[in-house]
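# Remarks on the overall topology
Given next are the chains, with one letter for each unit.
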Amino acid sequence: MAGPRVVIIGAGVVGAALADEISARGWTEVTVVDQGPLPATGGSTSHAPGLVFQTNSSKTMTELARYTVEKFCSLEVDGKPCFLQVGGLEVATTEERLTELRRRHGWVTAWGIEARLLTAEECVEQHPLLDAGKVLGGLLVPTDGLAKAVLAVEAQIRRATERGVTFLARHEVLDVLHTGGEVSGVLTDRGEIAADIVVCCAGIWGPKIARMAGMNLPLTPLAHQLAWTGPIPALAGQTEEAVRPILRHQDADLYYRDRFDALGIGYYGHRPMPVSADDILSVDEAEAMPSVLEFTEEDFAPAWSQTQALLPSTREAKVEEGINGLFSFTTDNFPLLGESQDVRGFWVAEAVWVTHSAGVGRAMAEWLVDGYCSSFDLHECDVNRFEPHQLAPEYVLARDCQNFVEVYDILHPLQPSGDPRPIRTSPFHTRQREQGAFFLEAAGWERPQWYEANAALVEGRAIPVPNEWAARFWSPVVGAEAQVTRETVAMYDMSALKRLEVTGPGAADFLERLTTSKVAKSVGSVTYTLFLDHDGGIRSDVTVARLGRDVFQIGANGNADLDWLMRHLPADGRVQVRDITAGTCCIGLWGPLARKVLQPLTDADFSADALKYFRARRAYIGSVPVTAMRLSYVGELGWELYTTADQGQKLWDTLWAAAEPLGGIVAGRGAFNSLRLEKGYRSFGTDMTYEHDPYEAGIAFAVRLDKGDFIGRQALERRKDDVRRRLACLTIDDPDSVVMGKEPVYDGDRPVGYVTSAAYGYTIGKAIAYAWLPADLAVPGTPLHIGYFDRRVDAVVAEEPLFDPSMSRLRG
């Protein structure tokens, strides 16, 4: 098949990979345009140093890198390889970094890539230029190496061309043509090219091109220093381009690569140097190439001093050339992949480095041809994941520059984001500050992790102190808040939860088509259900409350859910979807005394029979109108109470005045996470993502195959009887062995899975870790081990839920 007419903007390493992958799937009516010459077009690919380190805290990013390595290893141009698999070595010169390398070893092991920790002596054996007295240890990934990026572009251009793809050099895109919300082609300086689909792979020019289609792309080009030494006497006579592993010295923000008898030195320790995409010179204007700026020697001086300290033989050489090369940075360090919300057929594959390029090419080709990506979980990469404030130029610039500064920093999973903060505050924020809230950020919201006002509750309680890493951004107050929630009652700010409203005469049928459960039930019903992709993978888990015949409220996970709904709206206008998050707020009132707090405040009947579990109603709490949903993600009696933002503080004050005399408290996210894991509640994006199906994830109860057709149903019919992995609950007896997530799980010495969520269970008195395991090991009673830094933690698969399996506390 020829497929639709596709124009790819940009023939760098991403555009070339996409052209190759999409033509291999039968779409050959493809034109690739670039303003520069081929194959070195003048973008980031053309000057990229080529180092490919696969290790990443993200499983998806590691898998994209692994595919890139595998593909580039198979490519050559006239006998010249496109990948030099010399291995990748990260070294530690401080104890803190050595500990971090153990964590990184856990990641790469969890994601299925061979790696090993080295002693200082073994590091020097791998890279003899190292000063043995400076290095404490290292991490070696044998399959890492050097990508010959321009050669890889040429190889993929040749393959795609053989299948009929057209490449047009020296064609500058002046506009993206679109009418009626649909793309129709591109206008270049040499004329128009008609298209059904346009994919922007323009790299550092991405924001400029995206604006032509009305799209705000949160990407900043930043200059990064790359220098080359002259000949190093210790390397005299080296005839191969690279023989030693690529090297990272993250303690000094440095990396190194061989180039025959010299070294390439990359440096991230200098000041951020952002450049607007509009200010990048054209191919003809640039002295060398548009992505290369003048080398600023003064910024590089510390790098050269650090290099001479780590690699003493470089003292006999000098820096002979250097550049400030432009690369793309994003606010969360993930690529920008997907289709515009506003112009159908305009897609982007942006902020992709050489390391992940071929993987992204394959992912995008699958997405375009099949309608979904089957090889990679792209939930972290979807371009429509951002909240509106995260697209603000000031925000984008600040966070992108911060990410440049932190590129090699040791970052804790809970580490607070930097400026700009605060951005979003709930109506309860003033009261929370009065209670001594310790805030972390969630989608821009200031969300309490715990409250110092509860510090006195710790006395007399057995709250174990976790290990040093897990104890960061933690307080024993977290444990006290969790226990008091189960003993009396607690108020939780749930305002960061995404709230969407679906209305109109077609709303019920619309939601039935998109969800796995029956949601078109009686008014007042609340349903836990799933959005699936066409391959049966979980796109999100949501609650759907029917508040009127044609009015539904959805508790969603983020902006990607809104985008999913908008993309499936019927054209007849019978359904409307809007985000009501900013104008509303929510308090979770939970605990055995919750009814004693709430009932005296209202004339509405909140008895167990009058408002059953997973039912909703409208009522007045004092003078505040609320929508009350009898739900609980901490496993206790209670309600989610929603009201408008203007009355949020009044609701808080009303509830607090009634709860405090009964021993009630306000509680934070730390307690919430512990309680939800005791109850076995999953968290989308952490415990389950696009790559998992409901049967694997243990939420088959949310699927009704007999309800009629819905997106993903046919795929589930195929997958339900072929479950090879499961999300399992593990418990750990040692309170000092609380893990954090993303650690490898071992059966003996064999890595078999990885941890998703983890916390200490203050009710059950054990640490909890949820993990993906082969189905034959996900059996209660199975002993396993979790790799945690340099330790092996004993764990055992447990029956779930760990707390209140009869559900009596929830339904009381």
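Here the structure is shown first, and the text comes after it.
To start, this report covers the structure provided alongside it. Computed from a predicted structure; not experimentally measured. Along each chain, the written sequence defines residue order, and numbers are assigned to residues from 1. Per-residue local features are limited, in this predicted model, to residues with pLDDT of at least 70; the limit for side-chain atom pairs, both in listing and counting, is 80 or more; totals at the level of whole chains, interfaces and linings are taken over all residues. Heavy atoms throughout the structure, all of them, feed into the side-chain values; hydrogens and water do not.

### Topic: the packing of helix α1 (residues 13–24) against helix α6 (residues 149–162)
One can describe the packing of α1 onto α6 by two numbers: an axis separation of 8 Å at closest approach and a directional angle of 30 degrees. For the element pair α1 / α6, the angle class is roughly parallel. Like other packed secondary-structure pairs, α1 and α6 cross with a definite hand, here left-handed. Between α1 and α6, the residues in contact are Val13, Ala16, Ala17, Ala19, Asp20 and Ser23 and Ala149, Val153, Gln156, Ile157, Arg159 and Ala160, respectively. For the contact of α1 with α6, the residue count by class is eight nonpolar, two polar and two charged. Here an angle of 0 to 180 degrees is reported between the N-to-C directions of two axes, which are lines fitted to C-alpha atoms, with helices fitted over the stretch in contact. Secondary structure elements are taken from DSSP: a helix is a run of H or I of four residues or more, a strand is a run of E of two residues or more, and numbering for both begins at the N terminus. The scheme is simple: roughly parallel for angles under 35 degrees, roughly antiparallel for over 145, roughly perpendicular for 65 to 115, oblique for anything else. Helix crossings get a hand from a simple test, with the near helix turned counterclockwise from the far one by less than a right angle marking a left-handed crossing and a clockwise turn marking a right-handed one. Throughout, a contact is declared for two residues whenever any of their heavy atoms are within 4.5 Å. Think of it as three bins: nonpolar holds Ala, Val, Leu, Ile, Met, Phe, Trp, Tyr, Cys and Pro, charged holds Asp, Glu, Lys and Arg, and polar takes everything else, Gly as well.

### Details of helix α9 (residues 357–370)
What a helix is expected to span follows from its residue count: subtract one and scale by 1.5 Å. In a regular helix each residue adds 1.5 Å, so 14 residues correspond to 20 Å; α9 covers 20 Å between its end C-alpha atoms and thus fits that length. Under the scheme applied here, a residue whose accessible area is under 20% of the maximum for its type counts as buried, over 50% as exposed, and between as partly exposed, the area being computed with a 1.4 Å probe on protein chains only. Across the 14 residues of α9, eleven count as buried, placing the element largely inside the fold. Residues of α9 that are buried include every one of Ser357, Ala358, Gly359, Val360, Gly361, Ala363, Met364, Ala365, Glu366, Trp367 and Leu368, and no others. Among the structural elements, α1, α3 (59–73), β15 (197–200), β22 (336–339) and β23 (346–350) are those in contact with the buried residues of α9. At the C-terminal side of α9, Gly371 shows a positive phi close to 95 degrees.

### Concerning a negative patch on the surface
A cluster of acidic residues, Glu287, Glu294, Glu297 and Glu298, forms a negative patch on the protein surface. Of note, Glu294 is situated in the loop between β20 (292–293) and α8 (297–310). With relative accessibility at 69%, the residue Glu294 sits in the exposed group. Patch definition: residues above 30% relative accessible area lacking any salt bridge, with like charges linked at up to 9 Å and the nonpolar side chains Val, Leu, Ile, Met, Phe, Trp and Tyr linked at up to 5 Å. Here the accessible surface of atoms and residues is derived via Shrake-Rupley with a 1.4 Å probe, and residues count as covered only by protein chains that are part of the display. Between Lys or Arg on one side and Asp or Glu on the other, a salt bridge is scored when a side-chain nitrogen of the former is within 4 Å of a carboxyl oxygen of the latter. Under this rule, positive means Lys or Arg and negative means Asp or Glu; His and the chain ends count for nothing. Where a charge lies is defined by one atom per residue type, namely NZ (Lys), CZ (Arg), CG (Asp) and CD (Glu).

### Side note on the nonpolar core
Core analysis: the biggest nonpolar cluster contains 72 residues, and Ile8, Leu18, Phe72, Val199, Leu337 and Met364 have the highest contact counts within it. Those residues in contact with Leu337 that lie beyond four places of it in its chain are Val348, Ala349, Glu350, Val352, Val360, Met364, Trp367, Leu378, Cys381, Asp382 and Val383. Grouped together as the second largest cluster of nonpolar side chains are 55 residues, Val458, Val484, Leu784 and Ala795 included. Among buried residues, those of type Ala, Val, Leu, Ile, Met, Phe, Trp, Tyr and Cys that are joined through side-chain atoms within 4.5 Å constitute a nonpolar core.

### Quick notes on the pattern of salt bridges
With the rule as written, the count across this model stands at 63 salt bridges. Here Asp20 ties to Arg163 by a salt bridge, and the two come within 2.7 Å at their closest N and O atoms. Taken together, the residues Asp20 in helix α1 and Arg163 in the loop between α6 and β11 (166–168) connect sequence positions 143 residues apart. Take Asp20: its relative accessible area is 1%, and that puts it in the buried class. You can call Arg163 partly exposed: its relative accessible area is 31%. The shortest N-O distance in the salt bridge between Lys71 and Glu21 comes to 2.9 Å. Here the residue Lys71 occupies a position in helix α3, and Glu21 occupies one in helix α1, the gap between them amounting to 50 residues.

### Quick notes on the sheet that holds strand β30 (residues 551–556)
Sheets are built from strands that pair by backbone hydrogen bonding, the pairs being arranged parallel or antiparallel. Spatial ordering of the open sheet is given by β28-β29-β30-β27-β31, a layout of five strands whose pairing is antiparallel. Of all strands in the sheet, those with a lone pairing partner are β28 (526–532) and β31 (576–579), marking the two edges. The sheet shows a mean angle of 30 degrees between the axes of neighbouring strands, direction not considered. We call two strands paired when DSSP finds no fewer than two bridges between them. Across six bridges, strand β27 (residues 498–503) lies against β30 in antiparallel orientation. From the neighbouring strand, Leu500 faces β30, where its bridge partner is Ile554.

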